[in-house]
Amino acid sequence: MSLYDKWNELKEDRERKKYFRSNNDLYLDKARWIKTIVSGLLAAILAGIVIYYVSTLLNITSSIFYIVLGYAVASVINQVSGVESNQMGILAAILTFVGSVVSVLFGLIMVVYEFGMPIASIFSILLSIPSFLFSDLFLLICIIIGCFVAYSQAS
């Protein structure tokens, strides 16, 4: 095989990959991945903050909101990416968990802010997140169910 034949074979291989990627609905390029991750992360953070405010305004602490959070994050990821695959399901589950942690963290930060404690105590709040998440078993179960809902909705 000459060098020219190898060059043509490499060129045909690139064209095959380019054709496959352009005609495959399940393939996302880097820009689309970044757009999906950023929009999903923003949706998870905003939904976490909304969960805190709704539970504060209604004066209830319903863990069912975390299941709705999973559904909302999965819907945003499906809308942005346009793909329903296992990768999107895993991403939706991870971002649902991030949104749940943000909700808990935002609630703890607001408590510190309302009592007028210094900002330096936020470090101690960050250390208390695992104990807060695992202290309420129903909350943890609802967060896990929310992650499953997000995975099943996005895949």
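Rules used in this analysis
Residues numbered from 1 in each chain as written. Predicted model: local features only at pLDDT ≥ 70, side-chain atom pairs only at ≥ 80, totals over all residues. Heavy atoms only, no water. Patch = residues over 30% accessible without salt bridge, like charges linked within 9 Å, V, L, I, M, F, W, Y side chains within 5 Å. Areas by Shrake-Rupley, 256 points an atom, 1.4 Å probe, with all protein chains shown as cover. Salt bridge = Lys/Arg side-chain N within 4 Å of Asp/Glu carboxyl O. Helix = DSSP H or I, 4+ residues; strand = E, 2+ residues; numbered from the N terminus. Polar contact = N/O pair within 3.5 Å; in protein donor to acceptor, adjacent residues only side chain to side chain. Contact = heavy atoms within 4.5 Å. Core = buried A, V, L, I, M, F, W, Y, C linked by side-chain atoms within 4.5 Å. Buried < 20%, exposed > 50% of the residue type's maximum accessible area, 1.4 Å probe, protein only. Phe/Tyr/Trp six-rings, centres within 6.5 Å; stacked < 30°, edge-to-face > 60°. Lys NZ or Arg CZ within 6 Å of the ring centre and 35° of its normal. Expected span 1.5 Å × (residues − 1).

Caption draft 1: A nonpolar patch on the surface, seen in detail. A surface patch of nonpolar side chains, about 280 Å² in accessible area, is lined by Ile34, Val38 and Leu42. Within the secondary structure, valine 38 is located in helix α2 (residues 30–57).

Caption draft 2: Focus on the side chain of asparagine 78. Mapped onto the fold, asparagine 78 is located in helix α3 (residues 65–81). Of note is the side chain of asparagine 78, whose polar atom sits 3.1 Å from the backbone oxygen of glutamine 153. Residues contacting asparagine 78, with those up to four places away along its chain left out, are Val83, Glu84, Gln153 and Ala154.

Caption draft 3: View of the nonpolar core. Counting 19 residues, the largest nonpolar core has Tyr66, Leu69, Val73, Ile77, Ala92 and Leu95 as the members making the most contacts within it. If one sorts the elements of this core by residue count, helix α4 (residues 86–114) sits on top with 6 residues. When neighbours within four sequence positions are excluded, alanine 92 is seen to be in contact with Val73, Ala74, Ile77, Ala150 and Ala154.

Caption draft 4: Layout of the packing of aromatic side chains. For the structure on display, the rule yields 1 aromatic pair. Across the ring face of tryptophan 7, the terminal group of arginine 14 is positioned such that the distance to the ring centre comes to 5.8 Å.

Caption draft 5: Structural context of α3. Along its 17 residues, α3 runs 24 Å from first to last C-alpha, staying within 8% of the 24 Å computed at 1.5 Å per residue. If you follow the buried residues of α3, they end up packed against α2, α4 and α6 (137–154). Remark: glycine 82 follows α3 within two positions and exhibits a positive phi of approximately 75°.

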